[in-house]
Amino acid sequence: METNSIENVISFEALYDSMHKCKKGVLWKDSVASFYMNGIERTMKLSDELRSGTYKARKPVRFTITSPKPRDIASITFRDRVYQRSLNDNAVYPTMSKSFIYDNFACQKGKGTDAARNRLKEFLHRYYRKHGHDGYVAQFDIHGYYPNMSHAVTEDLFQEKLPAEVFSMVKTILNEQYEGDTGYNPGSQLIQIAGISVLDRFDHFVKEQLHAKLYIRYMDDFLIISDDKEYLETCKELMEAQLTSIGFELNQKKTRIYPLKDGIDFLGFKFSLTNTGKVLMMIRPENVKRERKKLRRLVTKSKRGEIPLEKVDESYATWRNHASKGNSHNLLQRMDAYYNSLWGEDYADNYQQRHESKRPRKAG
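Quick summary incoming for the structure in this document. (Residues numbered from 1 in each chain as written. Predicted model: local features only at pLDDT ≥ 70, side-chain atom pairs only at ≥ 80, totals over all residues. Heavy atoms only, no water.)

What follows covers the overall build of the protein chain. Helix and strand counts for the protein chain stand at 15 helices and nine strands. Taken over the C-alpha atoms alone, the protein chain extends approximately 60 × 60 × 45 Å along its principal axes. The buried share among the 364 residues of the protein chain stands at 45%. In the form shown here, the protein chain has an accessible surface area of approximately 19800 Å², with 49% of it arising from carbon and sulfur atoms. Treating the 59 positive side-chain charges of the protein chain as one cloud and the 48 negative ones as another, the clouds have centres 6 Å apart. (Helix = DSSP H or I, 4+ residues; strand = E, 2+ residues; numbered from the N terminus. Buried < 20%, exposed > 50% of the residue type's maximum accessible area, 1.4 Å probe, protein only. Areas by Shrake-Rupley, 256 points an atom, 1.4 Å probe, with all protein chains shown as cover. Lys, Arg positive; Asp, Glu negative; His and termini not counted. Charge placed at Lys NZ, Arg CZ, Asp CG, Glu CD.)

Right, dumping it as structure tokens:
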């Protein structure tokens, strides 16, 4: 049975496996817990509805998030998420991803932000060996990526690559969740795969026709490194024309060509290539300021008894883990001291002591 078989999407086994994937990190929600506690019955019912053609997606809940930047979200029910996850994992993603270039890093197996950052480091080392530390970067950002995504372009891409029956399932979901000619809201697996697929032809254009070897893309954030500024100017012009042809506009404030020595802002860090060939990855200053402000607010709420200390520690630990991926030793020491100072002398144990006490002891 081939991967893109409908049976591999709507069978009880496929949907039950999808349910287990979807519950990760959200089992605390009542709706998810209810579905999971009755998982066998709910999954069998979902499978029967899909087989008989009586399945009907429920209306998504729409809301706006403000951090790290304002975005409209369409949240689908857990039941619909289970179906869409199965459709994506068992039929859509395996087919769509076959043509992806290696340097398309968002939301894929074996890829992600860490892999993208490591790839950029590799590019900088490779560039230094050939050209030294002088050079240029062309960095691009698409204005309103998901809100301005063309329905026709997206559906055309899916139709070109997917088997007819699978495409029909995808098209039905997209048409039921989104009205009009443009715009999708992040919040489902299917929209995520649309986001990483819609620029697939564009990626091949950049790699194969512009011959940009040091090109990397993470969703709508992409860049090229070169020693030739005129070449990058030409690339920018041709790439902008390609994007316009599929309904996108470049964010002119974030799209620019600049000296490599200025450092590259990419995925939350600033990458600098030194004159000795070392690559430094430092967390962006605005990220630190935002975390300090957040910690002040959380500690204040905890002292008022609104949230437990452990939750604040957990929030800080998450940020600290992110920052530790860069060259951040001194910064983390300063942040630890700052975090402890927020609690004051009323709290006997500082963050490090609380953190160490939770680590399992080595057997010995």
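Let us now look at the nonpolar core. Counting residues in hydrophobic clusters, the biggest one holds 101 residues, and the most contacted among them are Leu87, Val92, Phe158, Ile225, Met239, Ile264 and Phe266. Counting residues per element, this core draws most heavily on helix H5 (residues 78-96), which supplies eight residues. If sequence neighbours within four positions are ignored, Met239 has contacts with Phe140, Phe202, Phe205, Val206, Leu210, Tyr215, Phe222 and Ile224. (Core = buried A, V, L, I, M, F, W, Y, C linked by side-chain atoms within 4.5 Å. Contact = heavy atoms within 4.5 Å.)

Taken in spatial order, the four strands line up as S4-S5-S3-S6 in an open sheet, and their pairing is antiparallel. Looking at which strands have only one partner, the edges of the open sheet turn out to be strand S4 (215-218) and strand S6 (256-259). Averaged over all neighbouring strand pairs, the angle between strand axes comes to 20 degrees, with direction disregarded. Two elements, strand S3 (residues 136-141) and S6, share four bridges in a ladder whose sense is antiparallel. Across the sheet, the residue bridging to Ala138 is Ile257, located in S6. (Pairing = 2+ DSSP bridges. Axes fitted to C-alpha atoms, helices over the stretch in contact; angles between N-to-C directions.)

On to the packing of aromatic side chains, then. Aromatic ring pairs are described here by two measures, namely the spacing of the ring centres and the angle between the planes. As enumerated under the stated definition, the model contains 13 aromatic pairs in all. Ring centres of Phe202 and Phe222 lie 5.4 Å apart, and the angle between their planes is 65 degrees; this geometry places the pair in the edge-to-face category. In this pair, Phe202 is assigned in helix H10 (residues 200-209) and Phe222 in strand S5 (residues 221-226), connecting sequence segments 20 residues apart. With relative accessibility at 3%, the residue Phe202 sits in the buried group. The interplanar angle of 75 degrees and the centroid separation of 6.0 Å between the aromatic rings of Tyr339 and Trp343 together place this pair among those described as edge-to-face. With Tyr339 and Trp343 both in helix H14 (residues 329-343) and four residues apart, this pair spans about one turn of that helix. Relative accessible area serves as the criterion here: at 0%, Tyr339 is assigned to the buried category. Connected via pairs of aromatic rings, a cluster forms that spans Phe140, Phe202, Tyr215 and Phe222. Looking at Lys23, its charged tip hangs above the ring of Tyr36, at a distance of 5.2 Å from the centre. (Phe/Tyr/Trp six-rings, centres within 6.5 Å; stacked < 30°, edge-to-face > 60°. Lys NZ or Arg CZ within 6 Å of the ring centre and 35° of its normal.)

Quick look at the pairing of strand S8 (residues 269-273) now. Here S8 shows a clear split, with Phe269, Phe271 and Leu273 buried on one side and none of Lys270 and Ser272 buried on the other. Pairing of strand S7 (residues 264-266) with S8, which is carried by three bridges, proceeds in the antiparallel orientation. Note that in S8 the partner of Phe266 across the bridge is Phe269. Hairpin connection, S7 to S8: the antiparallel pair is bridged by two residues, and Leu267 has positive phi, about 55 degrees.

Once that is clear, we can look at empty space enclosed by the protein. Tallied over the full model, the rule gives one cavity of 30 Å³ or more. The computed volume of the largest cavity comes to approximately 40 Å³. Around the largest cavity, the lining residues are Tyr55, Ala57, Asp80, Tyr83, Gln84, Ile173, Glu176 and Gln177. When residues of the lining of the largest cavity are traced back to their parent elements, those giving at least two are H5 and helix H8 (164-177). (1 Å grid on protein atoms, 1.4 Å probe; cavity = no way out; pocket = protein on both sides within 12 Å on 5 of 7 lines; lining within 4 Å. Points joined across faces, edges and corners; volume = space filled by probe spheres on them.)

In this structure, His211 takes a positive phi of about 55 degrees despite not being glycine. Examined against the element boundaries, His211 turns out to sit in the loop between H10 and S4. With a relative accessible area of 56%, His211 lands in the exposed category. Even without a glycine there, the phi angle at Met219 is positive, about 55 degrees. Take Met219: its relative accessible area is 10%, and that puts it in the buried class.

Now for the packing of helix H2 (residues 12-23) against helix H4 (residues 39-52). Contact geometry of H2 with H4 gives a least axis separation of 9 Å together with a crossing angle of 130 degrees. It follows that H2 is oblique to H4 by the angle criterion. Where H2 crosses over H4, the two elements pack in a sense that is right-handed. Along its contact with H2, which presents Phe12, Leu15, Tyr16 and Met19, the element H4 presents Gly39, Ile40, Thr43, Met44, Leu46, Ser47 and Leu50. Among the residues making up the contact of H2 with H4, the classes are represented as eight nonpolar, three polar and no charged. (Parallel < 35°, antiparallel > 145°, perpendicular 65-115°, else oblique. Left-handed = near helix turned anticlockwise from the far one by under 90°. Nonpolar A, V, L, I, M, F, W, Y, C, P; charged D, E, K, R; others polar.)

Moving on, we get to the sheet that holds S7. Read from one edge to the other, the open sheet built from three strands follows the order S7-S8-S9, with strand pairing classed as antiparallel. Of all the strands in the sheet, just S7 and strand S9 (279-283) have a single pairing partner and so form its edges. Pairwise comparison of adjacent strand axes, ignoring direction, gives a mean angle of 25 degrees for this sheet. Along the sheet, helix H6 (residues 113-131) contacts S7, S8 and S9; its crossing angle with S8, the most-contacted strand, is approximately 15 degrees.

Moving on to the packing of helix H3 (residues 30-37) against H4. Packing of H3 against H4 brings their axes to within 5 Å, and their N-to-C directions diverge by 90 degrees. Comparing their axes, H4 and H3 come out roughly perpendicular. Side by side, H3 and H4 meet where Ser34, Phe35, Tyr36 and Met37 of the first sit next to Gly39, Arg42 and Thr43 of the second.

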